[in-house]
Amino acid sequence: MFDIVVVGAGPAGYSAAINARKRDKSVVVIGQHTGWLAKAEKIENYPGMPDISGEEMLSIMRDQALAMGAQVRPGVVHQVIDMGESFGLSLGADFVEAKKVILCTGAKQPKLLPGEEMFLGRGVSYCGTCDAMLYRGKHVAVVAQGHEAVSEANFLAGLCQSVTFFGKQEEALDPRVIVCDEKVEAIFGDDRARGVVAQGREIPFDGVFIFRDAMALSALMSGLSASGAFIRVDRQMRTNIPGVFAAGDCTGLPLQVAKAVGEGCIAALAAAQEIK
Ligand SMILES: Cc1cc2nc3c(=O)[nH]c(=O)nc-3n(C[C@H](O)[C@H](O)[C@H](O)COP(=O)(O)OP(=O)(O)OC[C@H]3O[C@@H](n4cnc5c(N)ncnc54)[C@H](O)[C@@H]3O)c2cc1C
């Protein structure tokens with residue numbers, strides 16, 4: 001079990017990890033190297049690092065966190081579960097346990113498809129590795145909105161009767177995967193059938209797998225208090241759930257690296273203080 005788990009590998013997450021290590025706490029950062037900052041061509045307003053690209057800045061932060069002994073694990077956290085004395089985080093087939101959680105998930109929250117929440121766990125899944133066996137020999141759709149979509153589709157192709165891939169391909173797909181250019185607009189379902197709606201047309205499938213690089217807050221952790229799209233925090237970056245902190249763009253404006261880094265630091269120090 002880790003002392004602290006950080007969800008999101010951006011400036012807030014790396015700052016939280018660096019400062020947790022300064023308090024000698026074990027810490028793991030979970031996330032992809034693809035956050036908002038990587039899109040910034042140039043950052044000119046962060047003290048001490050003038051004229052640097054977002055990608056470069058992110059790499060330096062990551063290397064610093066690693067050098068200080070933080071672990072960095074690629075993946076998307078699907079759910080944070082409050083287990084009383086600790087927290088369990090599911091990332092595909094993997095599971096991480098920690099005493100404290102710091103959410104650094106950024107401002108860019110995915111928009112759920114109409115019907116998605118209603119059929120989650122009843123035909124809709126976020127994890128191929130976890131749920132593929134339920135659809136062995138069946139027909140499934142993959143809605144690709146994240147980096148894991150291709151590898152998960154290729155994995156499903158080995159088990160399912162058919163896999164239909166909706167979305168952008170960033171790597172080579174298994175030749176058994178059927179590629180469909182249509183955009184998925186919704187998930188439909190009733191007692192008889194379930195599937196996706198694309199270009200106004202209902203296409204039935206036994207299961208629909210949706211892969212994204214981030215999760216909607218409501219799906220990530222139930223009971224988390226939010227104000228619009230932002231997580232509510234106090235000045236110590238504590239959320240309404242004891243043991244859960246939040247930092248960076250996910251707590252509100254201004255959406256700036258300096259604020260994200262500062263909040264990551266405060267959250268880590270406050271979390272470390274609560275660990276006996
Ligand atoms: C084009 C552009 C230019 C910018 N220019 C500047 C600038 O000049 N100066 C400045 O100060 N700021 C700038 N910004 C804003 C800056 O990038 C953000 O304020 C900063 O990155 C916020 O850091 P963060 O760690 O809070 O969130 P992010 O950098 O968004 O990182 C959050 C990370 O969490 C991940 N994540 C989300 N959910 C999950 C999950 N469930 N599991 C695992 N990982 C998850 C996301 O994929 C992402 O990698 C710019 C942004 C953009 C897009």
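Everything here concerns the structure above.
Residues numbered from 1 in each chain as written. Predicted model: local features only at pLDDT ≥ 70, side-chain atom pairs only at ≥ 80, totals over all residues. Heavy atoms only, no water.

### Digging into a nonpolar patch on the surface
Right, so step 1: On the surface, a nonpolar cluster with roughly 260 Å² of combined accessible area is contributed by Ile81, Met83 and Phe95.
Right, so step 2: Assignment of secondary structure puts Met83 in the loop between strand S4 (79-82) and strand S5 (87-91). (Patch = residues over 30% accessible without salt bridge, like charges linked within 9 Å, V, L, I, M, F, W, Y side chains within 5 Å. Areas by Shrake-Rupley, 256 points an atom, 1.4 Å probe, with all protein chains shown as cover. Salt bridge = Lys/Arg side-chain N within 4 Å of Asp/Glu carboxyl O. Helix = DSSP H or I, 4+ residues; strand = E, 2+ residues; numbered from the N terminus.)

### Some words on the packing of helix H1 (residues 11-22) against helix H7 (residues 257-274)
Right, so step 1: The contact between H1 and H7 brings their axes to 7 Å, and the two run at 35°. The two elements H1 and H7 meet at a crossing, and its hand is right-handed. Listed contacts from H7 to Pro11, Ala12, Ser15, Ala16, Asn19 and Ala20 of H1 are Val257, Ala260, Val261, Gly264, Cys265, Ala268 and Leu269.
Right, so step 2: Taken together, the residues of the contact of H1 with H7 break down into ten nonpolar, three polar and no charged. (Axes fitted to C-alpha atoms, helices over the stretch in contact; angles between N-to-C directions. Left-handed = near helix turned anticlockwise from the far one by under 90°. Contact = heavy atoms within 4.5 Å. Nonpolar A, V, L, I, M, F, W, Y, C, P; charged D, E, K, R; others polar.)

### With respect to the site of the ligand
Right, so step 1: The environment of the ligand is formed by 33 residues, the closest being Ala12, Asn45, Val77, Asp249 and Val257.
Right, so step 2: At 2.9 Å, a side-chain N or O of Asn45 approaches a nitrogen atom of the ligand.
Right, so step 3: Isolated, the ligand exposes 1,000 Å² of accessible area, and the fraction of that covered by the protein chains is 86%.
Right, so step 4: Counting residues per element, the ones that place at least two in the shell around the ligand are H1 and H7.
Right, so step 5: Broken down by class, the residue content of the shell around the ligand amounts to 18 nonpolar, eleven polar and four charged. (Near = heavy atom within 4 Å. Polar contact = N/O pair within 3.5 Å; in protein donor to acceptor, adjacent residues only side chain to side chain.)

### Details of the pattern of salt bridges
Right, so step 1: Evaluation of the coordinates by the stated rule reveals nine salt bridges.
Right, so step 2: For Glu116, the salt bridge is made with Arg212, and the minimal N-O distance between the two is 2.8 Å. Placement of Glu116 in helix H3 (residues 116-119) and of Arg212 in strand S14 (residues 207-212) is noted, with a sequence separation of 96 residues between them.
Right, so step 3: Accessibility expressed as a relative area gives 0% for Glu116, which makes it buried. (Buried < 20%, exposed > 50% of the residue type's maximum accessible area, 1.4 Å probe, protein only.)

### Some thoughts on the packing of aromatic side chains
Right, so step 1: Scanning all chains against the criterion turns up three aromatic pairs.
Right, so step 2: Each ring, one from Tyr135 and one from Phe209, has its centre 5.5 Å from the other, and the planes form 80°; the classification is edge-to-face. In this pair, Tyr135 sits in the loop between helix H4 (128-131) and strand S8 (139-145) while Phe209 sits in strand S14, placing the two residues 74 residues apart along the sequence.
Right, so step 3: Taking relative accessible area as the criterion, Tyr135 reaches 10% and is therefore assigned buried.
Right, so step 4: With a centroid separation of 6.2 Å and an interplanar angle of 15°, the aromatic rings of Phe209 and Phe211 are classed as stacked.
Right, so step 5: Within the aromatic cluster, the residues linked to one another by ring pairs are Tyr135, Phe209 and Phe211. (Phe/Tyr/Trp six-rings, centres within 6.5 Å; stacked < 30°, edge-to-face > 60°.)

Bear in mind that shape data such as this cannot, by itself, settle questions of function.
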